[in-house]
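Working through the structure, step by step
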Amino acid sequence: MGFAQDYWKDFEELSIDLIKLLFKDYHFDKHIEKTQNSKDGGYDGVVLISDNKHNVYKAISESKLRKLSRKDLPLSDFAKTLIISVNLCADKVYIFTNLHFSNETQNRIEKFSRGTNIKVQLFDIVEIVGLIPKLADDILKNYPTEFIEKLQNSVTDHPRKLSLNPAPKINLKKECELLGIERKKQFAETVQNIEHKTGIYIICGRQGSGKSFFIDNLILKLHPTEYEYIDIAKIPDVNTFFIYLLSIIWHVDILTISHFSTEDICKITDYITDDEEREKLKDILSKILVNNCLIEMDAELVQFFLLRYLDKIYTPMLKHKNVILIFQNLEYASSQIQNFLLKFLKQFYDRNILLLLEIRDEHIVLQEFLSKCQSEIKIIGTTKLQNLSKIDTKIYIKKKYGKLLDVEQQEKFVKLCPRVPLYIDQIIDLLKRDVYGKDVLCNDTFFYKHMYENWKYTKGANEEYIKKVLSDCCDETKICTVLIAFMDGNLKLTDLSYIFEYKTCREKVMEELVKSQLFIIGSNSVETFHISILDALRRISESAFKKHAIKAYKKLWENMDLFDEIPKRKEKKKFKLALELDEIDYIQKNWKGLSVSYLADQEYDVVIPILEKIYEK
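Residues numbered from 1 in each chain as written. Predicted model: local features only at pLDDT ≥ 70, side-chain atom pairs only at ≥ 80, totals over all residues. Heavy atoms only, no water.

**What to know about the overall build of the protein chain**
- Within the protein chain, the regular secondary structure consists of 28 helices and 13 strands.
- Within the protein chain, the proportion of its 617 residues that are buried is 54%.
- Of the contacts made within the protein chain by residues no fewer than 6 positions apart, 74% connect residues no fewer than 24 positions apart.
- Here the protein chain has roughly 29500 Å² of accessible surface; of this, 50% comes from carbon and sulfur atoms. (Helix = DSSP H or I, 4+ residues; strand = E, 2+ residues; numbered from the N terminus. Buried < 20%, exposed > 50% of the residue type's maximum accessible area, 1.4 Å probe, protein only. Contact = heavy atoms within 4.5 Å. Areas by Shrake-Rupley, 256 points an atom, 1.4 Å probe, with all protein chains shown as cover.)

Encoded structure:
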């Protein structure tokens, strides 16, 4: 047997004794004990403080003894304990380990504490060994000498690693302030409308009008305790939407939740005292997280229980903080996601939370959803971002491009450019890249203005812009852009290493992606700068970049199983790859099961294209 297998019970007992040590000078009615192994529930110890009638303080502890090493304990190893602390409305969590905690884990724990008002105290091997000598001799003698000695020696044998802070996200297009008289006036009015208020508020405008940047500035101005962006374009189905919401409420990584086992689900639901409610929730969560579908279950009933559960755990947390949730790219929501979102809004609109809906108002598909919202739920108000006025266009160009363009050129662009911030940036970017040459300013007309002003032609204008920006890039970079589009605008850098094996190749690709200014490069991923770029890349993948797309899909097919993704999303992406590459054996083996799964979840918008493709094949 190894160290962890031999001494895990001793380590749990030691953790409880250390907690008692921390509370020894507190002279009030306290109860500290180790939980029963048979009813572990995902935590080892509990601390209860009462005022003779009621428990006024509750803390739980978890102990993780591992093989002696210099490694860090991953947050996923104690994520269930954090979730249980939320479910139990605990005041504090103690985590003990004989390993270390990375900077990233400590930062995520700080975010968890800010979001949940639950304090988390981390005890790594250094802190534990520092406390052991403070224990009374009659307590220490209960532990095997070898166990204590190995813990003490581990501090010097396995010191903390030097951790480097992750590189900050690079956003090459981020401005520092809103530009334009009218836009600043709208901003001040919007702040007045929503400051210190809760409910639903709509920010709308055409594509490229600056809705996301407007909201970013609102967040900076309002200083909420917590805020989260939910990009509906990256959520394929209701089950995934629910996992996103759980991740926000629990403050635990989406991938960690999506990989929960049946045993994990039992642990995080054991605290529920009502047997029927516990078994129903356990059954639903197992089907969503383990089986990835809701076969033989009524979807409406499932959503009722899920929303009831969210309400039960989220509402108490909202009482003591100022929270803003921002829902983006709603036009990409399936009818089922729209339905679930509407129910979520109805459930929480009168809670202590501000719900911002970012709407592209040129999309007819959202009109029915908005009509239902306005008829069934109280809306605080709406801010509609219009195209820039001539004066504001002049201010925008002068402030952003005054060093690039002289006064005469600025005046020319005021006449030639569409009055939409994103498209002004695109047109001037083409000039900077010398795509047409500066003699274009000598003409009285500029076809891009007319293309962008008419929504029917905007898609084509976006495609032309992106093709010109990427025209001089190497084949590997074009393959990478196809991969980013296929993965819904976000590709993890670790996954990129599976596709491009050689470091020099990856560095060349990253250099060209940065230079294109179409992408945001972060410490963990590369993503499209704007949803319009993602849409255009998807279309280009089927046309101008078709040969690169085939190469990209083949690389993905060979490496998809290595990607760390939500299981259902990976399953869906792999099946789509099989259809693109005519992998007949895989299609025949999996199409029925996938179709039944999506039909059970009422994801008709997903399954119909699959069946159409099968019929074509």
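**Thoughts on the pairing of strand 13 (residues 525-528)**
- Burial along strand 13 is two-sided: Ser525 and Glu527 facing one way and Val526 and Thr528 facing the other are all buried.
- Here strand 12 (residues 519-521) folds back onto strand 13 in antiparallel fashion, the turn holding three residues. (Pairing = 2+ DSSP bridges.)

**Section: the packing of helix 2 (residues 79-87) against helix 11 (residues 262-269)**
- The geometry of helix 2 relative to helix 11 is characterised by a closest axis approach of 9 Å and an angle of 30° between their N-to-C directions. As far as their axial angle goes, helix 11 and helix 2 are roughly parallel. Pair helix 2 / helix 11 crosses with right-handed handedness. Contacts from Lys80, Ile83, Ile84 and Asn87 in helix 2 reach Asp264, Lys267 and Ile268 in helix 11.
- In terms of residue class, the contact of helix 2 with helix 11 is made up of three nonpolar, one polar and three charged. (Axes fitted to C-alpha atoms, helices over the stretch in contact; angles between N-to-C directions. Parallel < 35°, antiparallel > 145°, perpendicular 65-115°, else oblique. Left-handed = near helix turned anticlockwise from the far one by under 90°. Nonpolar A, V, L, I, M, F, W, Y, C, P; charged D, E, K, R; others polar.)

**Structural notes on the packing of aromatic side chains**
- Taken as a whole, this structure holds 20 aromatic pairs when the rule is applied.
- Both rings, one in Phe96 and one in Phe123, keep their centres 4.7 Å apart while their planes meet at 10°; by these two values the pair is stacked. Taken together, the positions of Phe96 in strand 4 (residues 92-97) and Phe123 in strand 5 (residues 119-123) put the pair 27 residues apart, joining distant regions of the chain. Summarising the burial analysis for this pair, Phe96 and Phe123 share the class buried.
- Consider the rings of Phe486 and Tyr553, whose centres lie 5.4 Å apart with planes at 55°: the pair is tilted. Taken together, the residues Phe486 in helix 21 (residues 475-486) and Tyr553 in helix 25 (residues 546-559) connect sequence positions 67 residues apart. You'll find Phe486 and Tyr553 in the same group, each marked buried.
- Cluster of aromatic residues (ring-pair linked, three or more members): Phe241, Tyr314, Phe327, Phe340, Phe344 and Phe348.
- Across the ring face of Phe486, the terminal group of Lys573 is positioned such that the distance to the ring centre comes to 5.0 Å. (Phe/Tyr/Trp six-rings, centres within 6.5 Å; stacked < 30°, edge-to-face > 60°. Lys NZ or Arg CZ within 6 Å of the ring centre and 35° of its normal.)

**Regarding helix 7 (residues 181-194)**
- In this model, helix 7 (14 residues) spans 20 Å end to end at C-alpha, consistent with the 20 Å of a helix rising 1.5 Å per residue.
- Where helix 7 is concerned, the buried positions are Arg183, Gln186, Phe187, Thr190, Val191 and Ile194. One side of helix 7 carries all its buried residues, which in axial view fall inside an arc of 140°. Seen from the buried face of helix 7, the exposed residues on the opposite side, beyond 90 degrees, are Ile181 and Gln192. (Expected span 1.5 Å × (residues − 1). Arc of directions from axis to C-beta.)

**Some thoughts on the confidence of the model for the protein chain**
- Looking at the protein chain, pLDDT values average 83 and 88% of them are 70 or higher.
- This stretch, residues 162-174, has a pLDDT under 50; its non-local contacts, to residues over four places away or in other chains, come to 18 contacts. (pLDDT = per-residue confidence, 0-100.)

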